[in-house]
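Survey of secondary and tertiary structure
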Amino acid sequence: MNQHIAIFPGSFDPFTIGHHSIVERALPLFNKIVVAVGMNSKKHSFLPEIDRLDAIRRLYANEPRVEVIAYSGLTVEAAEQCGARYILRGVRTVKDFEYEKTLADINRKIAGLETVLLYTLPEYGSISSSIVRELISLGRDVTDLLPPGYTFEI
Ligand code: ADP
């Protein structure tokens with residue numbers, strides 16, 4: 001059988017309800033989705049690498065079609081390693097669109113990988129990991145901005 005595997009790369013620092021919605025809406029399109037948590041040694045992260053990974057793994061513990069991996073370096077190399085022929089990404093704004101178009105063009109050019117973009121749901125259009133981090137640092141409750149059942153320690 002021809003397996004359609006998509007890799008969903010991101011920082012996911014933390015994983016928001018917007019990210020979760022992209023995974024849920026893409027599940028009918030693919031046999032498997034690999035959520036790939038990017039590790040950037042130069043960028044200071046809010047949640048430690050292992051916590052980011054574990055929290056997303058717990059969220060999808062009962063969804064065998066979602067796998068969660070960590071990677072550093074090129075997304076196309078992580079895609080090759082997990083057999084993904086598609087890159088899944090989400091778009092909220094024109095700014096996102098322009099950024100995603102550049103990435104998609106590069107990834108197609110260097111590895112022949114196609115990118116599948118899903119528009120955000122209108123209700124999640126203003127949600128980002130950075131907004132969630134900001135609210136947490138100001139002591140606000142962010143439960144509504146995170147997927148149900150997704151928990152982490154800070
Ligand atoms: P990156 O640092 O690679 O942009 P992010 O974790 O910020 O990683 O985002 C991963 C992907 O999820 C990106 O394609 C981004 O546009 C998308 N995304 C982020 N927030 C949302 C949202 N609220 N709705 C839809 N897509 C989103």
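Here we summarise the structure given alongside this text.

The next point concerns the overall build of the chain. Each helix and strand in the chain was counted, giving 5 helices and 5 strands. Sequence-ordered secondary structure for the chain, helices as α and strands as β, is β-α-β-α-β-α-β-α-β-α. In terms of C-alpha radius of gyration, the chain reaches 15 Å, essentially the compact-globule figure of 15 Å for 154 residues. Its C-alpha atoms give the chain principal-axis dimensions of roughly 45 × 35 × 35 Å.

Inspection of the region around the ligand gives 16 residues, with S11, G90, T120, Y124 and I127 positioned closest. A distance of 2.9 Å separates a nitrogen atom of the ligand from a polar backbone atom of I127. Where the shell around the ligand is concerned, the elements lending two or more residues are β1 (5–10), α1 (17–26), β4 (86–91) and α4 (94–111). By residue class, the composition of the shell around the ligand is 6 nonpolar, 6 polar and 4 charged.

Turning next to the nonpolar core. Within the largest apolar cluster, 34 residues are counted, with the highest numbers of intra-cluster contacts made by F8, F15, V35, I56 and Y150. Mapped onto this core, the elements with two or more residues apiece are β1, α1, β2 (32–38), α2 (49–59), β3 (66–71), β4 and α5 (129–137). Within the second largest apolar cluster, 13 residues are counted, among which are V76, A79, C82 and A84.

Attention now goes to α2. Those residues of α2 not exposed but buried are R52, L53, A55, I56 and L59. Seen along its axis, α2 keeps its buried residues to an arc of 165°; they face one direction. Where α2 is buried, its residues contact α1, β2 and β3.

Let's shift gears to the side chain of D13. As for its position among the elements, D13 is in the loop between β1 and α1. Of the residues examined, D13 reaches a relative accessible area of 7% and is grouped as buried. Of the polar contacts made by the side chain of D13, one reaches the backbone nitrogen of F46; its length is 2.7 Å. Those residues in contact with D13 that sit more than four places away from it in its chain are S45, F46, L47, R52, S129 and R133.

Attention now goes to the side chain of E100. One can find E100 in helix α4. Sequence-distant contacts of E100, defined by excluding residues within four places in its chain, comprise R89, G90, V91 and L117.

What follows covers the pairing of β1. Most of β1 sits inside the fold, with 6 of its 6 residues counted as buried. Of the two faces of β1, the one carrying I5, I7 and P9 and the one carrying A6, F8 and G10 are both buried. When β1 meets β2, the two strands line up parallel, connected through 6 bridges. Considered in β2, the bridge of F8 is made with V35. Two strands pair when backbone bridges link them, and β1 and β4 are joined in this way by 2 bridges, in the parallel orientation. By the bridge assignment for β4, I7 is matched with I87.

A word on the environment of V23. Position of V23 relative to the elements: it lies in helix α1. Relative accessible area serves as the criterion here: at 0%, V23 is assigned to the buried category. Residues V23 and Q3, spaced 20 residues apart in sequence, show a C-alpha to C-alpha distance of 17 Å.

Residue position: P48 is located in the loop between β2 and α2. Residue P48 is classed as partly exposed on the basis of its relative accessible area, which comes to 41%. Here the alpha-carbon distance between P48 and V76, two residues 28 residues apart in the chain, equals 23 Å.

Reading the values: the criteria
- Residues numbered from 1 in each chain as written.
- Predicted model: local features only at pLDDT ≥ 70, side-chain atom pairs only at ≥ 80, totals over all residues.
- Heavy atoms only, no water.
- Helix = DSSP H or I, 4+ residues; strand = E, 2+ residues; numbered from the N terminus.
- Rg over C-alpha atoms; globule rule 2.2 N^0.38 Å.
- Near = heavy atom within 4 Å.
- Polar contact = N/O pair within 3.5 Å; in protein donor to acceptor, adjacent residues only side chain to side chain.
- Nonpolar A, V, L, I, M, F, W, Y, C, P; charged D, E, K, R; others polar.
- Core = buried A, V, L, I, M, F, W, Y, C linked by side-chain atoms within 4.5 Å.
- Buried < 20%, exposed > 50% of the residue type's maximum accessible area, 1.4 Å probe, protein only.
- Arc of directions from axis to C-beta.
- Contact = heavy atoms within 4.5 Å.
- Pairing = 2+ DSSP bridges.

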